[in-house]
Amino acid sequence: MLSNRESARRSRQRKQQYLEELREQVLELRAEHSQMLSKVSAVSQQFAQLTQENQFLRIHAMDLSQQLQRLNQNITIQQTGGFNSLDHIGVGQLDMPVTSMIFVHSSQPAKHNILPLP
């Protein structure tokens, strides 16, 4: 009888210890989950910023490509037409379209200040 009581007491202690370990594990997993959510949020924000930057850079590249194409056309016209003055090659077309942007990197990673070109 005494042996059964002692065995039951040890069993309750093991069960209590097991429950405490599970509670500690739950706390650790919750903390880890919270950290992972923070990391996912930061990476998602960085992805959104880089996607936006990529979109602006693509627009800028298209603008530069169009500008280069116009300049090449004007050079061809000048060479074939014999113009002697820069007024005839469309110097006014050197102005950048309003959609052109330049990115100035700040001290924080993956954050950019977007400024229009002059």
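Right above here is the structure, for reference.
This text gives an overview of the structure that appears in the document.

About the thresholds
- Residue indices begin from 1 for each chain and proceed along its sequence in written order.
- Whole-chain, interface and lining totals are the exception, using all residues; otherwise, since this is a predicted model, local features are given only for residues with pLDDT of at least 70 and side-chain atom pairs are given and counted only at 80 or more.
- To get the side-chain values, take all heavy atoms of the structure and skip hydrogens and water.
- Segments assigned H or I by DSSP are reported as helices when at least four residues long, segments assigned E as strands when at least two residues long, and all are numbered from the N terminus.
- Whether two residues touch is decided by their heavy atoms; if any such pair falls within 4.5 Å, the residues are in contact.
- Calculation of accessible area relied on Shrake-Rupley with a 1.4 Å probe; when residues are assessed, cover is drawn exclusively from the protein chains displayed.
- Patch membership requires more than 30% relative accessible area and the absence of a salt bridge. Residues of like charge join within 9 Å; the nonpolar side chains Val, Leu, Ile, Met, Phe, Trp and Tyr join within 5 Å.
- Basic side-chain nitrogens of Lys or Arg form a salt bridge, by our definition, when they fall within 4 Å of a carboxyl oxygen of Asp or Glu.
- Only four residue types enter the tally: Lys and Arg on the positive side, Asp and Glu on the negative side, with His and both chain ends excluded.
- Note on charges: their place is set at NZ of Lys, CZ of Arg, CG of Asp or CD of Glu.

1. Some words on the overall build of the protein chain
Piece 1. Along its length, the protein chain carries 1 helix and 2 strands.
Piece 2. When contacts within the protein chain are restricted to residue pairs at least 6 apart in sequence, those whose partners lie at least 24 apart make up 48%.
Piece 3. Counting every atom, the protein chain has about 10,000 Å² of accessible surface; 57% of that belongs to carbon and sulfur.

2. As for a negative patch on the surface
Piece 1. Where like charges cluster on the molecular surface, the negative patch consists of E21, E24, E28 and E32.
Piece 2. Topologically, E21 is positioned in helix α1 (residues 2-81).

3. Quick word on the pattern of salt bridges
Piece 1. Taken as a whole and assessed by the stated rule, the structure comprises 2 salt bridges.
Piece 2. R9 serves as the salt-bridge partner of E6, at 2.1 Å between the closest nitrogen and oxygen. Here the residue E6 and the residue R9 both occupy positions in helix α1, the gap between them amounting to 3 residues, near one helical turn.
Piece 3. Between R23 and E20 there is a salt bridge; the shortest N-O distance is 3.0 Å. Residue R23 and its partner E20 are located together in helix α1, separated by 3 residues, close to a single helical turn.

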